[in-house]
Amino acid sequence: MENVTKVPHRLNVVGDFYVTDGCCTACGVPEANAPNLFAYDPERHCYVCRQPVTPSELDGMVAAMAQQELGCIRYRGMDAAVMKALLERGEGSQVDRLHEQRHLHVESSRGRVQHPVLSWLAKIVRWTTGL
Ligand code: SF4
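Residues numbered from 1 in each chain as written. Predicted model: local features only at pLDDT ≥ 70, side-chain atom pairs only at ≥ 80, totals over all residues.

Details of the nonpolar core
Thought 1: In terms of nonpolar packing, the biggest core is built from 23 residues, with Val19, Val48, Met61 and Leu86 touching the most fellow members.
Thought 2: Among the secondary structure elements, those contributing two or more residues to this core are β1 (17–19), β3 (46–48), α2 (55–67), β4 (73–75) and α3 (80–88).
Thought 3: A per-element tally of this core places α2 first, with four residues.
Thought 4: Taken together, domain 1 (1–76) and domain 2 (79–131) each give at least three residues to this core, which thus spans both.
Thought 5: Residues within four places of Val48 in sequence aside, it is in contact with Asn12, Val13, Gly15, Phe17, Tyr18, Val19, Leu37 and Phe38. (Core = buried A, V, L, I, M, F, W, Y, C linked by C-beta atoms within 7 Å. Buried ≥ 20, exposed ≤ 12 C-beta atoms within 10 Å, placed from the backbone. Helix = DSSP H or I, 4+ residues; strand = E, 2+ residues; numbered from the N terminus. Domains from an automatic or database assignment. Contact = placed C-beta atoms within 7 Å.)

Some details on α2
Thought 1: Helix length check: α2, at 13 residues, gives a terminal C-alpha distance of 18 Å against a target of 18 Å (1.5 Å per residue), a fit within 8%.
Thought 2: The complete set of buried residues in α2 reads Gly60, Met61, Val62, Ala64 and Met65.
Thought 3: Looking at the buried side of α2, the elements it contacts are β1, α1 (29–33), β4 and α3. (Expected span 1.5 Å × (residues − 1).)

Some words on the site of the ligand
Thought 1: Neighbouring residues of the ligand: 14 residues in total, closest Cys24, Cys27, Cys46, Gln68 and Cys72.
Thought 2: Its residues placed into classes, the shell around the ligand shows 11 nonpolar, three polar and no charged. (Near = placed C-beta within 6 Å. Nonpolar A, V, L, I, M, F, W, Y, C, P; charged D, E, K, R; others polar.)

Things to note about the confidence of the model for the protein chain
Thought 1: For the protein chain, the average pLDDT comes to 83, and 73% of its residues sit at 70 or higher.
Thought 2: Every residue in residues 106–116 scores below 50 in pLDDT, and together they form 13 contacts with partners more than four places removed in sequence or on other chains. (pLDDT = per-residue confidence, 0-100.)

Description of the environment of Asn12
Thought 1: The residue Asn12 is located in the segment before β1 in this model.
Thought 2: As a C-alpha pair, Asn12 and Gln51 span 39 residues in sequence and 9.3 Å in three-dimensional space.
Thought 3: Once you skip the residues sitting within four places of it in the chain, Asn12 turns out to touch Tyr18, Val19, Tyr47 and Val48.

Considerations on unusual backbone geometry
Thought 1: In this structure, Ala26 is a non-glycine residue whose phi angle is positive, near 50°.
Thought 2: Position of Ala26 relative to the elements: it lies in the loop between β1 and α1.
Thought 3: For Arg44, which is not a glycine, the phi torsion comes out positive at approximately 65°.
Thought 4: Of note, Arg44 is situated in the loop between β2 (38–40) and β3.

Rendered as structure tokens:
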């Protein structure tokens, strides 16, 4: 089931990753994948207590997003590398502003080029999510 409210939990720290309010089943996914980035309120609803900084923390956040069942954890930033990582894990529907990122790029020997697979992935996500 996808959470569609996109209303952030009041205790999320400022930043690109956030947990939406009211969808929690205390799934255990956040603490299993990124224990330093999530905390629980008194009602046992998780929220983002720290944004990922290091590559391993970002990997943990992306893994939590890939394994969550209710779509509570979302990304509202515009970093193409983060969007690419989430698209590759099938989590494009968790990216709030994917429709604003018209051209995802990858580095190649010819410089910065648009990758056709990423372009198609972005289009498919936009078609299926209506974003
Ligand atoms: S990811 Fe969702 S269901 Fe899991 S603990 Fe956090 S808010 Fe609850």
